[in-house]
Every structure is written in C-alpha cells, then in structure tokens.
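Examination of the molecular architecture
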Amino acid sequence: MNNGCGSGSESCLSSMEEELHVLAVDDNLIDRKLLERILKISSCKVTTAENGLRALEYLGLGDPQQTNVMKVNLIITDYCMPGMTGFELLKKVKESSNLKEVPVVILSSENIPTRINKCLASGAQMFMQKPLKLSDVEKLKCECHLLNCRS
C-alpha cells in the first residue's frame, strides 16, 4: 500500500515541526521498553503504560475528577493484555468525544485475520505484527503526518 511516502519518507518527515507524542501500551516490560526505544530513536516523545486501565488514566478517561490529562498524537497498544485488551482500549478511545480522532495502532504477535478485521472495523488506524521495527515507526510517523495528527 503506497500512502504517498514510498521509500523517500524522509521528505515526508522533514516537514514535521512538532514532535509526535505517542502513548505506548504493553503489559510485557521487554516489549514496552523495546517499543519506547524505537519510538525515541525516531524522535518521538513517548509515554508508556503497562495496561489499558493505566492508559485510560493517562488519557483522562479513568477518573472523571482527573484534571491533569495528557495530550497524545498516537496510541500504540498491544492487543493481548490482562484486565483490558488493546481492542477494549481502542473502543474506549473511539467512544470518547475528546480522543476519537487520535489514531490507534494495534500490535500483536499473532496474525489472526478475524482479530485484525475486528480492530480495523472498530477504528484502528493499523494492525501491525510484533516486534515493531524502526521502519514500521517511520511509516507510522509519515501516515500520522498525512492525517495531520498534531496537537
């Protein structure tokens, strides 16, 4: 799928004035640290959460009294997590009037077509296989730039 960036994604990325703020959600510490490192190498500001409920707290959806709400441009979440799956997090984000425009990318180590289709039909921007690679992040940044997901 060509999204207009092709292999020359540097031209797409060079016009980005603002740093992309990504909320990275994964229950596995190693996967979360790897994702954080790749995003930081790609010049993203990164906030991590160890589960879907913690992500909702960061986003201001966990506690109605919360005043310190974090603004993010992109959410990358693991699909399979205890307590709240990435799919359930996706649904909560898309139901929120404040967050429904924030792109959500679902990651999974399993390539299950019905799961992929369910996530995409529910508003996920993309469904990607783990482990995420640097080239995947550059592709995401480019697509996010084309979608104008800036603060």
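In what follows, the accompanying structure is described. (Residues numbered from 1 in each chain as written. Predicted model: local features only at pLDDT ≥ 70, side-chain atom pairs only at ≥ 80, totals over all residues. Heavy atoms only, no water.)

Glancing now at unusual backbone geometry. Cis geometry marks the peptide bond from Lys130 to Pro131; its omega dihedral reads -5°. Despite not being glycine, Ser43 shows a phi value in the positive range, around 65°. In this fold, Ser43 is placed in the loop between α2 (29–41) and β2 (45–49). (Helix = DSSP H or I, 4+ residues; strand = E, 2+ residues; numbered from the N terminus.)

Here we take up α2. An ideal rise of 1.5 Å per residue puts 18 Å on 13 residues; α2 measures up with 18 Å between its terminal C-alpha atoms. Where α2 is concerned, the buried positions are Arg32, Leu35, Glu36, Ile38 and Leu39. For α2, the buried positions fall inside an angular range of 165° around the axis, keeping them on one side. The exposed residues of α2 that point more than 90 degrees off its buried face are Ile30, Lys33 and Arg37. The N-terminus of α2 is capped by Asn28, whose side-chain oxygen sits 2.9 Å from the backbone nitrogen of Ile30. (Expected span 1.5 Å × (residues − 1). Buried < 20%, exposed > 50% of the residue type's maximum accessible area, 1.4 Å probe, protein only. Arc of directions from axis to C-beta. Polar contact = N/O pair within 3.5 Å; in protein donor to acceptor, adjacent residues only side chain to side chain.)

The residue Ser96 is located in the loop between α4 (86–95) and β4 (104–108) in this model. Taking the relative accessible area as the measure of exposure, Ser96 reaches 9% and is therefore buried. In terms of polar contacts, Ser96 uses its side chain to reach the backbone amide nitrogen of Asn98, at 3.2 Å.

A separate point is the sheet that holds strand β5 (residues 126–129). Read from one edge of the open sheet, five strands run β2-β1-β3-β4-β5, paired in parallel fashion. Of all the strands in the sheet, just β2 and β5 have a single pairing partner and so form its edges. With strand direction ignored, the average angle separating the axes of adjacent strands in the sheet is 20°. Bridging between strand β1 (residues 21–25) and β2 involves five bridges; their strand directions are parallel. Bridged to Ala24 within β2 is Thr48. Of the strands in this sheet, β1, β3 (74–78) and β4 touch α4, which is tilted by about 175° from β4. (Pairing = 2+ DSSP bridges. Axes fitted to C-alpha atoms, helices over the stretch in contact; angles between N-to-C directions. Contact = heavy atoms within 4.5 Å.)

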